[in-house]
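Remarks on the overall topology
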Protein chains: 2
Amino acid sequence: MQIIPLYISKEIEFNDDLTHLIINSEKILDADVLVIAQKIISKQEGRIVELTSIVPSLLAEGIGSEYKKDSRIIELILNESKKIIRMDHGIIIVETNNGFICANAGIDESNVKHGFVTLLPVNSDVSAKKIRSEILKKTNKTVSVIISDTFGRPFRMGQTNCAIGISGMNPILDYIGTKDTFEKTLRVTAIAIADELCSAAELVMKKTANCPIAIIRGYDFKNENFSIDNLIRPQDEDLFR
Amino acid sequence: MQIIPLYISKEIEFNDDLTHLIINSEKILDADVLVIAQKIISKQEGRIVELTSIVPSLLAEGIGSEYKKDSRIIELILNESKKIIRMDHGIIIVETNNGFICANAGIDESNVKHGFVTLLPVNSDVSAKKIRSEILKKTNKTVSVIISDTFGRPFRMGQTNCAIGISGMNPILDYIGTKDTFEKTLRVTAIAIADELCSAAELVMKKTANCPIAIIRGYDFKNENFSIDNLIRPQDEDLFR
């Protein structure tokens, strides 16, 4: 299995032809998995906000004051969220409108021009599907596309890349009913392969280089249609909410 | 970057020469990262228990009865843990004696002979260091070694591979103070690269094949001495305990 960094030196802007940039940067093969950083999808889709355009609510002002944070960014976090899950140590963990549990609703000031922030794509499954279809159309290659973002997690230090949108793959590889090497049925084991692919991709994408995409080649998977919702643990099955 | 599966068809037993098996299975190069499944380390170190030898306490009997689980396994889980973090839906999440937050203290019946379970290695940093030193001695190649296990996580469905022991690498890649492409200092971003490397390795190791090791080649890292403790979030910084 290979993980190939795909470099795009151009700063991505609204309505740029991402697929064109991708296929001009690296040869795409059938069954490649393309992992694409959320940041360039957000920029391409215009999910970028100038902070001077935001008028914070009194709640956002209050939270901003308490945590010494920009109340305009708090306002955006609240807009992008269904609810606040935890708020402490100056960290705001929310459930986003799409159901992801993450800090700051995925709103990010890094790698974007001064005075602006990026929001998560409205629907990253749709973003992934669009690029997958365009690649099929332009190159006749059938790939899978995963949109990734960098999330923290409880219990363990550091962040890892996780999937927030998917097209052409089941994000979970389920071993239920499979036999182990001793012919015993494996205990319940379902691997979040979409998240593992994002983590693998992050190792070559890094944070500061112009490498917002990685191609994973030689990973054996079935081409199927699933939604990222399969990766979101329902609240009533979650011991930590 | 390449991820190379390393096949070992022999069933690992107590005191087997793992390093010998590794270097006879695949050529090792300088700066390779070897990710090794906890299961074979536990077997090699004799961290395998015959259930008929266990006399469960009354507490273990009680929990076993409530959750319809083998009270001897519950007894082992309690022995291997500092405390129970959550217990619900028949799932027991503990803090292990080494500080990992995981289900069942990492005790596992899969891929082990009938009537036996494996426990996590006593100190996986030591296990990793031993193999790293032996590889250096036998092949003159300087590698990093990570011991991995499969953990669930809150919020998201499915399990991913995580690091439980490390030698020759800082498990966290810290971007604090680094500038982004707009010359802004990046917000706090520290990537748990050891976990990402384990996740990448899992994609080729899978669960049922005789592939308990993966070599990651071409990953650019500094050879340093750090402990897995750097990946464990202190309780007072954890919003979900």
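See the structure printed just above.
One structure accompanies this document, and this report is about it. In this text, all values refer to a predicted model and were calculated from it rather than measured experimentally.

So, the nonpolar core
Within the largest apolar cluster, 114 residues are counted, with the highest numbers of intra-cluster contacts made by A:I146, A:I216, B:I146 and B:I216. The residues touching A:I216, leaving out its near neighbours within four places in the chain, are A:M1, A:Q2, A:I3, A:A31, A:D32, A:V33, A:V35, A:L197, A:A200 and A:A201.

What to know about the interface of chain A and chain B
With 74 residues of chain A at the contact, the number on the chain B side is 74 residues. At the boundary of chain A with chain B, total buried surface from both sides reaches about 6,700 Å², with 58% on carbon and sulfur atoms. On the chain A side of the contact with chain B, A:F155, A:R156 and A:L239 bury the most area, a combined 12% of that side's loss. The interface formed by chain A and chain B contains 4 salt bridges. Put simply, B:R153 and A:D195 hold a salt bridge, and the shortest N to O gap is 2.6 Å. Mapped onto the side of chain A that touches chain B, the elements with two or more residues apiece are β1 (2-6), β4 (81-88), β5 (91-96), β8 (144-151), β9 (160-167), β11 (190-191) and α6 (193-205) of chain A. The greatest single-element share of the side of chain A that touches chain B, amounting to 9 residues, is contributed by α6(A).

Quick word on the relation of the copies chain A and chain B
Overlaying chain A on chain B yields an RMSD of 0.0 Å, the required transformation being a rotation through 180° with an accompanying axial translation of 0.0 Å. Overall, the copies show the geometry of a two-fold rotation axis.

Brief notes about the sheet that holds β4(A)
All names here are of chain A. Strand order in the open sheet made by the 3 strands is β4-β5-β6, with antiparallel pairing throughout. Unpaired on one side and paired on the other, β4 and β6 (101-103) mark the two borders of the sheet. Adjacent strand axes in the sheet meet at a mean angle of 30°, parallel and antiparallel pairs treated alike. Bridge count for β5 against β6 is 3 bridges, and the pairing is antiparallel. What sits directly across from V94, in β6, is C102. Contacts from helix α4 (residues 71-79) reach β4 and β5 within the one sheet, and its direction differs from that of β4 by about 125°.

Focus: the packing of helix α3 (residues 58-67) of chain A against α4(A)
Residues and elements named next belong to chain A. The contact between α3 and α4 brings their axes to 8 Å, and the two run at 120°. For the element pair α3 / α4, the angle class is oblique. The interaxial crossing formed by α3 with α4 has right-handed handedness. Contact residues: α3 offers L59, A60, E61, I63 and G64, while α4 offers S71, I74, E75 and L78. Here the residues of the contact of α3 with α4 are counted per class, giving 5 nonpolar, 2 polar and 2 charged.

Regarding the packing of aromatic side chains
Counted by the stated rule, this structure contains 6 aromatic pairs over all chains. Between A:F100 and A:F151, the ring centres sit 6.4 Å apart and the planes meet at 55°, which makes this aromatic pair tilted. One end of the pair, A:F100, is in the loop between β5 and β6; the other, A:F151, is in strand β8, with 51 residues separating them in the sequence. Using a relative accessible area of 4% as the deciding quantity, one classes A:F100 as buried. For the ring pair B:Y219 and B:F221, a centre distance of 6.1 Å and an interplane angle of 15° mean the geometry is stacked. Judged by relative accessible area, B:Y219 falls into the buried class, the value being 5%. For B:F221, a relative accessible area of 17% corresponds to the buried category. Sitting over the ring of A:F116, A:K113 keeps its end group 4.8 Å from the ring centre.

Thoughts on the pattern of salt bridges
Scanning the model with the defined rule gives 26 salt bridges over all chains in all. Measuring nitrogen to oxygen at the nearest pair gives 2.7 Å for the salt bridge that ties A:D32 to A:R217. Here A:R217 lies in strand β12 (residues 213-217) and A:D32 lies in the loop between α1 (18-25) and β2 (33-37), a separation of 185 residues in the sequence. Residue A:R217 is classed as buried on the basis of its relative accessible area, which comes to 19%. For B:D17, the salt bridge is made with B:K138, and the minimal N-O distance between the two is 2.9 Å. Of this pair, B:D17 sits in the loop between β1 (2-6) and α1 (18-25) while B:K138 sits in helix α5 (residues 124-139), and the two are 121 residues apart along the sequence. The exposure class of B:D17 is partly exposed, given its relative accessible area of 36%.

Definitions and limits used
Every chain is numbered on its own, with residues counted from 1 as its sequence reads. Both sets of labels track the order of writing: A upward for chains, 1 upward for ligands. Only residues with pLDDT of at least 70 are given local features in this predicted model, and only at 80 or more are side-chain atom pairs given and counted; all residues enter the totals for whole chains, interfaces and linings. The basis for every side-chain value is the complete set of heavy atoms in the structure, and neither hydrogens nor water enter the calculation. Residues belong to a common nonpolar core when they are buried Ala, Val, Leu, Ile, Met, Phe, Trp, Tyr or Cys residues joined through side-chain atoms within 4.5 Å. The buried label applies to any residue whose accessible area, calculated with a 1.4 Å probe on protein chains only, is under 20% of its type's maximum; exposed applies above 50%, and partly exposed to all values in between. In this description, contact between two residues means that some pair of their heavy atoms is separated by no more than 4.5 Å. By convention, the term buried area covers the 1.4 Å-probe accessible surface removed from two parts as they join, with the contributions of both added. Any carboxyl oxygen of Asp or Glu that lies within 4 Å of a side-chain nitrogen of Lys or Arg is treated as forming a salt bridge with it. Labels follow the DSSP assignment, with helices taken as runs of H or I lasting at least four residues and strands as runs of E lasting at least two, numbered in each case from the N terminus. We place the copies in one frame by least squares, fitting the C-alpha atoms of every residue whose pLDDT is at least 70 in both. At least two DSSP bridges between two strands are needed for those strands to be called paired. Working convention: axes come from line fits to C-alpha atoms, limited for helices to the stretch in contact. Angles between N-to-C directions cover 0 to 180 degrees. Put simply, angles under 35 degrees are roughly parallel, angles over 145 are roughly antiparallel, angles from 65 to 115 are roughly perpendicular, and the rest are oblique. In this scheme the crossing of two helices becomes right-handed for a clockwise turn of the near helix relative to the far one and left-handed for an anticlockwise turn of less than a right angle. We call Asp, Glu, Lys and Arg charged. Ala, Val, Leu, Ile, Met, Phe, Trp, Tyr, Cys and Pro are nonpolar, and the rest, Gly among them, are polar. When two rings of Phe, Tyr or Trp (its six-membered ring) have centres within 6.5 Å they constitute a pair, described as stacked for plane angles under 30 degrees, edge-to-face for angles over 60, and tilted for the intermediate range. The criterion for a charge sitting over a ring is simple: Lys NZ or Arg CZ within 6 Å of the ring centre, and within 35 degrees of the ring normal.

Any functional reading would require information that these geometric values do not contain.
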